[in-house]
Amino acid sequence: MKRFFISLVILMWAGIVNAQFTELDEARIGFDPLLPEVTVDGANYIFKVEEKYAGEFEKDPVAFLNEHCNIEAFLDLVKNEKNRHYQLEINSTKGKLKAKYCQQGNLLRISYQLKDVLLPLDLQKEVYRQYKGWNMTQNVHIAKGKKGIVSEDYYKIRLEKGSEVQNLKISVNKIEPIEVASM
(Lines give C-alpha, C1' and ligand atoms only; values in the text may rest on other atoms or scores of the structure.)
Protein backbone atom coordinates (compact mmCIF):
# COMPACT_ATOMS: atom_id res chain seq x y z
CA MET A 1 0.00 0.00 0.00
CA LYS A 2 2.88 2.30 0.85
CA ARG A 3 4.47 1.61 -2.57
CA PHE A 4 1.16 2.41 -4.25
CA PHE A 5 0.97 5.89 -2.69
CA ILE A 6 4.63 6.60 -3.44
CA SER A 7 4.10 5.49 -7.06
CA LEU A 8 1.00 7.67 -7.30
CA VAL A 9 2.86 10.73 -5.94
CA ILE A 10 5.75 10.15 -8.40
CA LEU A 11 3.33 9.83 -11.33
CA MET A 12 1.47 12.99 -10.33
CA TRP A 13 4.73 14.91 -9.96
CA ALA A 14 5.95 13.66 -13.35
CA GLY A 15 2.66 14.75 -14.94
CA ILE A 16 2.86 18.22 -13.40
CA VAL A 17 6.48 18.69 -14.45
CA ASN A 18 5.71 17.45 -17.94
CA ALA A 19 2.72 19.78 -18.27
CA GLN A 20 4.75 22.81 -17.22
CA PHE A 21 7.37 22.33 -19.95
CA THR A 22 5.27 21.82 -23.07
CA GLU A 23 7.17 22.95 -26.14
CA LEU A 24 5.23 25.26 -28.44
CA ASP A 25 5.67 25.75 -32.16
CA GLU A 26 7.07 29.00 -33.48
CA ALA A 27 4.50 31.81 -33.49
CA ARG A 28 4.56 34.52 -36.12
CA ILE A 29 2.87 37.77 -35.27
CA GLY A 30 1.94 40.27 -37.91
CA PHE A 31 -0.95 42.46 -38.88
CA ASP A 32 -1.43 44.60 -41.94
CA PRO A 33 -5.02 45.80 -42.21
CA LEU A 34 -4.33 47.44 -45.58
CA LEU A 35 -3.50 44.21 -47.43
CA PRO A 36 -6.31 41.65 -47.47
CA GLU A 37 -5.76 38.04 -48.52
CA VAL A 38 -6.14 37.79 -52.31
CA THR A 39 -6.65 34.74 -54.55
CA VAL A 40 -5.69 35.24 -58.21
CA ASP A 41 -7.41 33.53 -61.14
CA GLY A 42 -6.21 35.17 -64.39
CA ALA A 43 -7.53 38.74 -64.30
CA ASN A 44 -9.93 37.88 -61.44
CA TYR A 45 -8.95 38.71 -57.88
CA ILE A 46 -10.97 37.32 -54.97
CA PHE A 47 -10.51 39.30 -51.76
CA LYS A 48 -10.91 37.73 -48.36
CA VAL A 49 -11.54 40.61 -45.99
CA GLU A 50 -12.65 40.22 -42.39
CA GLU A 51 -15.58 42.33 -41.27
CA LYS A 52 -14.89 44.61 -38.29
CA TYR A 53 -18.36 43.79 -36.96
CA ALA A 54 -21.17 41.45 -37.96
CA GLY A 55 -23.25 42.88 -40.77
CA GLU A 56 -20.69 45.43 -41.97
CA PHE A 57 -20.59 43.98 -45.50
CA GLU A 58 -24.35 43.59 -45.91
CA LYS A 59 -25.04 47.09 -44.56
CA ASP A 60 -23.42 48.69 -47.63
CA PRO A 61 -21.36 46.40 -49.89
CA VAL A 62 -20.07 49.26 -52.06
CA ALA A 63 -18.82 51.25 -49.05
CA PHE A 64 -17.20 48.03 -47.79
CA LEU A 65 -15.41 47.67 -51.15
CA ASN A 66 -14.20 51.27 -51.07
CA GLU A 67 -12.99 51.00 -47.48
CA HIS A 68 -11.15 47.70 -47.80
CA CYS A 69 -9.85 47.76 -51.37
CA ASN A 70 -7.64 50.67 -52.37
CA ILE A 71 -7.88 50.19 -56.14
CA GLU A 72 -4.97 52.54 -56.96
CA ALA A 73 -2.57 50.67 -54.67
CA PHE A 74 -3.94 47.36 -55.92
CA LEU A 75 -3.38 48.26 -59.59
CA ASP A 76 0.17 49.45 -58.82
CA LEU A 77 0.92 46.00 -57.41
CA VAL A 78 -0.70 43.85 -60.11
CA LYS A 79 -0.60 46.01 -63.23
CA ASN A 80 -0.19 43.85 -66.31
CA GLU A 81 -0.36 45.31 -69.83
CA LYS A 82 -2.14 42.14 -71.06
CA ASN A 83 -5.11 42.72 -68.74
CA ARG A 84 -7.51 45.38 -69.99
CA HIS A 85 -9.88 44.81 -67.08
CA TYR A 86 -9.62 43.64 -63.49
CA GLN A 87 -12.45 41.75 -61.83
CA LEU A 88 -12.54 42.01 -58.02
CA GLU A 89 -14.77 39.81 -55.90
CA ILE A 90 -15.47 40.07 -52.19
CA ASN A 91 -17.09 37.07 -50.53
CA SER A 92 -19.04 37.12 -47.28
CA THR A 93 -21.23 34.68 -45.42
CA LYS A 94 -24.21 36.77 -46.56
CA GLY A 95 -23.25 37.01 -50.23
CA LYS A 96 -20.77 38.41 -52.69
CA LEU A 97 -19.86 41.57 -54.55
CA LYS A 98 -18.23 41.74 -57.99
CA ALA A 99 -16.61 44.88 -59.36
CA LYS A 100 -14.96 45.32 -62.74
CA TYR A 101 -12.32 48.03 -63.16
CA CYS A 102 -10.40 49.23 -66.21
CA GLN A 103 -6.58 49.62 -66.28
CA GLN A 104 -6.90 53.22 -65.09
CA GLY A 105 -8.87 52.18 -62.00
CA ASN A 106 -12.30 53.41 -63.11
CA LEU A 107 -15.26 51.34 -61.98
CA LEU A 108 -17.01 49.87 -65.04
CA ARG A 109 -19.55 47.47 -63.52
CA ILE A 110 -20.64 46.43 -60.09
CA SER A 111 -23.08 43.83 -58.80
CA TYR A 112 -23.85 42.27 -55.49
CA GLN A 113 -26.13 39.61 -54.17
CA LEU A 114 -26.98 39.23 -50.48
CA LYS A 115 -29.04 36.40 -49.03
CA ASP A 116 -31.34 36.38 -46.01
CA VAL A 117 -30.82 40.02 -45.09
CA LEU A 118 -33.03 42.28 -43.04
CA LEU A 119 -35.46 44.07 -45.36
CA PRO A 120 -35.82 47.86 -45.15
CA LEU A 121 -38.54 48.82 -42.68
CA ASP A 122 -40.96 50.25 -45.27
CA LEU A 123 -40.65 47.07 -47.36
CA GLN A 124 -41.18 44.90 -44.27
CA LYS A 125 -44.39 46.78 -43.47
CA GLU A 126 -45.67 46.56 -47.05
CA VAL A 127 -45.06 42.79 -47.32
CA TYR A 128 -46.62 42.20 -43.91
CA ARG A 129 -49.67 44.31 -44.81
CA GLN A 130 -50.29 42.61 -48.17
CA TYR A 131 -49.42 39.04 -47.10
CA LYS A 132 -50.82 38.61 -43.58
CA GLY A 133 -50.35 35.08 -42.27
CA TRP A 134 -47.47 34.33 -44.66
CA ASN A 135 -43.92 33.65 -43.44
CA MET A 136 -40.86 34.87 -45.29
CA THR A 137 -38.52 31.87 -45.56
CA GLN A 138 -35.86 33.30 -47.89
CA ASN A 139 -34.86 36.58 -49.47
CA VAL A 140 -32.14 37.78 -51.80
CA HIS A 141 -31.15 41.41 -52.39
CA ILE A 142 -29.69 41.93 -55.85
CA ALA A 143 -28.19 45.15 -57.23
CA LYS A 144 -26.41 45.81 -60.52
CA GLY A 145 -25.00 48.89 -62.14
CA LYS A 146 -22.54 50.48 -64.53
CA LYS A 147 -20.10 53.33 -64.03
CA GLY A 148 -21.08 53.82 -60.41
CA ILE A 149 -24.86 54.06 -60.96
CA VAL A 150 -27.22 51.33 -59.78
CA SER A 151 -29.65 50.56 -62.60
CA GLU A 152 -31.28 47.45 -61.10
CA ASP A 153 -32.04 47.01 -57.41
CA TYR A 154 -34.57 44.46 -56.22
CA TYR A 155 -35.46 41.79 -53.67
CA LYS A 156 -36.55 38.23 -54.39
CA ILE A 157 -38.66 36.98 -51.52
CA ARG A 158 -40.06 33.51 -50.84
CA LEU A 159 -43.23 33.38 -48.75
CA GLU A 160 -44.85 30.24 -47.32
CA LYS A 161 -48.22 29.64 -45.73
CA GLY A 162 -48.70 25.99 -44.85
CA SER A 163 -48.12 24.10 -48.11
CA GLU A 164 -48.62 27.22 -50.25
CA VAL A 165 -45.58 29.06 -51.66
CA GLN A 166 -45.32 32.49 -53.27
CA ASN A 167 -42.25 34.07 -54.82
CA LEU A 168 -42.10 37.85 -55.05
CA LYS A 169 -39.77 40.18 -56.93
CA ILE A 170 -39.92 43.67 -55.49
CA SER A 171 -38.04 46.50 -57.18
CA VAL A 172 -36.55 49.21 -55.04
CA ASN A 173 -38.10 52.49 -56.21
CA LYS A 174 -35.16 54.65 -55.39
CA ILE A 175 -32.40 54.49 -58.03
CA GLU A 176 -29.39 56.40 -56.78
CA PRO A 177 -25.79 56.71 -57.89
CA ILE A 178 -23.34 54.53 -55.99
CA GLU A 179 -20.75 56.55 -54.13
CA VAL A 180 -17.37 55.58 -55.50
CA ALA A 181 -14.13 56.55 -53.79
CA SER A 182 -12.24 59.19 -55.72
CA MET A 183 -9.59 57.74 -57.96
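Source: prediction; values computed, not measured.

J.: Hey, could you go over the overall build of the protein chain for me, with residue numbers and the actual values?
T.: A count of helices and strands for the protein chain gives 5 helices and 8 strands. Its helices and strands in sequence order give the protein chain the pattern α-β-β-α-α-α-β-β-β-α-β-β-β, from N to C terminus. In the protein chain, buried positions account for 28% of the 183 residues. Considering only contacts in the protein chain between residues 6 or more positions apart, those separated by 24 or more positions represent 45%. Roughly 13,700 Å² of accessible area belongs to the protein chain as shown, and the carbon and sulfur atoms make up 52% of that amount.

J.: So what's going on with the nonpolar core? Which residues, and what values?
T.: Core analysis: the biggest nonpolar cluster contains 31 residues, and F47 and L65 have the highest contact counts within it. Per element, the largest residue contribution to this core is 4 residues, and it comes from strand β5 (residues 107-115).

J.: Provide a residue-level description of the confidence of the model for the protein chain, including the pertinent values.
T.: On average, residues of the protein chain score 77 in pLDDT, and 74% of them are at 70 or above. Here residues 26-34 is modelled with pLDDT under 50, and outside its nearest four sequence neighbours on either side it reaches 0 contacts, counting other chains as well.

J.: Lay out unusual backbone geometry with the relevant residues and their values.
T.: In this structure, D116 takes a positive phi of about 50° despite not being glycine. Assignment of secondary structure puts D116 in the loop between β5 and α5 (121-130). D116 sits in the partly exposed class, given a relative accessible area of 40%.

J.: How would you sum up the pairing of strand β2 (residues 44-48)? Please name residues and give values.
T.: Only one face of β2 is buried: it carries Y45 and F47, and the other face, with N44, I46 and K48, is open. Hairpin connection between strand β1 (residues 37-41) and β2: a loop of 2 residues separates the two successive antiparallel strands, and G42 in this loop has a positive phi of roughly 70°. Sheet topology places β2 next to strand β3 (residues 85-92); 4 bridges connect them, and they run parallel. Of the residues in β3, the one forming a bridge with N44 is Q87.

J.: Report on the pattern of salt bridges, specifying residues and quantitative values.
T.: Across all of its chains, the model carries 4 salt bridges by this definition. In this structure, R129 and E126 form a salt bridge, with 2.6 Å as the shortest nitrogen-oxygen distance. Residue R129 and its partner E126 are both found in helix α5; the two are separated by 3 residues, about one turn of the helix. Overall, R129 belongs to the exposed group, its relative accessible area being 53%.

J.: Could you give me a rundown of the environment of L159, with the residues and numbers involved?
T.: You can see L159 is positioned in strand β7 (residues 149-161). Here L159 falls in the buried class, since its relative accessible area comes to 2%. As a C-alpha pair, L159 and Y131 span 28 residues in sequence and 8.5 Å in three-dimensional space. Beyond its immediate chain neighbours, meaning those up to four positions away, L159 contacts V127, Y131, W134, N135, M136, E164, V165, Q166 and L168.

J.: An account of the sheet that holds strand β8 (residues 164-171) is needed here, citing residue identities and associated values.
T.: Strand order across the open sheet formed by 8 strands is β1-β2-β3-β4-β5-β6-β7-β8, with mixed pairing between neighbours. Here the strands that pair on one side only, and so sit at the sheet edges, are β1 and β8. Each adjacent strand pair in this sheet contributes to an overall mean axis angle of 15°, direction not counted. Two strands pair when backbone bridges link them, and β1 and β2 are joined in this way by 5 bridges, in the antiparallel orientation. In the strand pairing of β2, E37 is matched with K48. Those strands touched by helix α4 (residues 71-78) are β2, β3 and β4 (95-102), and its axis lies near 120° from that of β3.

J.: Tell me about the packing of aromatic side chains, and please be specific about residues and values.
T.: Tallied over the full model, the rule gives 2 aromatic pairs. Centre to centre, the rings of Y45 and Y86 are 6.1 Å apart; their planes meet at 40°, and the pair counts as tilted. One end of the pair, Y45, is in strand β2; the other, Y86, is in strand β3, and 41 residues separate them in sequence. With respect to class, Y45 is no different from Y86; both count as buried. Measuring from ring centre to ring centre gives 5.3 Å for F57 and F64, while their planes differ by 90°; the resulting arrangement is edge-to-face. The same class applies to F57 and to F64, which are both buried. The aromatic ring of Y154 is capped on one face by K169, whose charged end is 4.4 Å from the ring centroid.

Calculation notes
- Residues numbered from 1 in each chain as written.
- Predicted model: local features only at pLDDT ≥ 70, side-chain atom pairs only at ≥ 80, totals over all residues.
- Heavy atoms only, no water.
- Helix = DSSP H or I, 4+ residues; strand = E, 2+ residues; numbered from the N terminus.
- Buried < 20%, exposed > 50% of the residue type's maximum accessible area, 1.4 Å probe, protein only.
- Contact = heavy atoms within 4.5 Å.
- Areas by Shrake-Rupley, 256 points an atom, 1.4 Å probe, with all protein chains shown as cover.
- Core = buried A, V, L, I, M, F, W, Y, C linked by side-chain atoms within 4.5 Å.
- pLDDT = per-residue confidence, 0-100.
- Pairing = 2+ DSSP bridges.
- Salt bridge = Lys/Arg side-chain N within 4 Å of Asp/Glu carboxyl O.
- Axes fitted to C-alpha atoms, helices over the stretch in contact; angles between N-to-C directions.
- Phe/Tyr/Trp six-rings, centres within 6.5 Å; stacked < 30°, edge-to-face > 60°.
- Lys NZ or Arg CZ within 6 Å of the ring centre and 35° of its normal.

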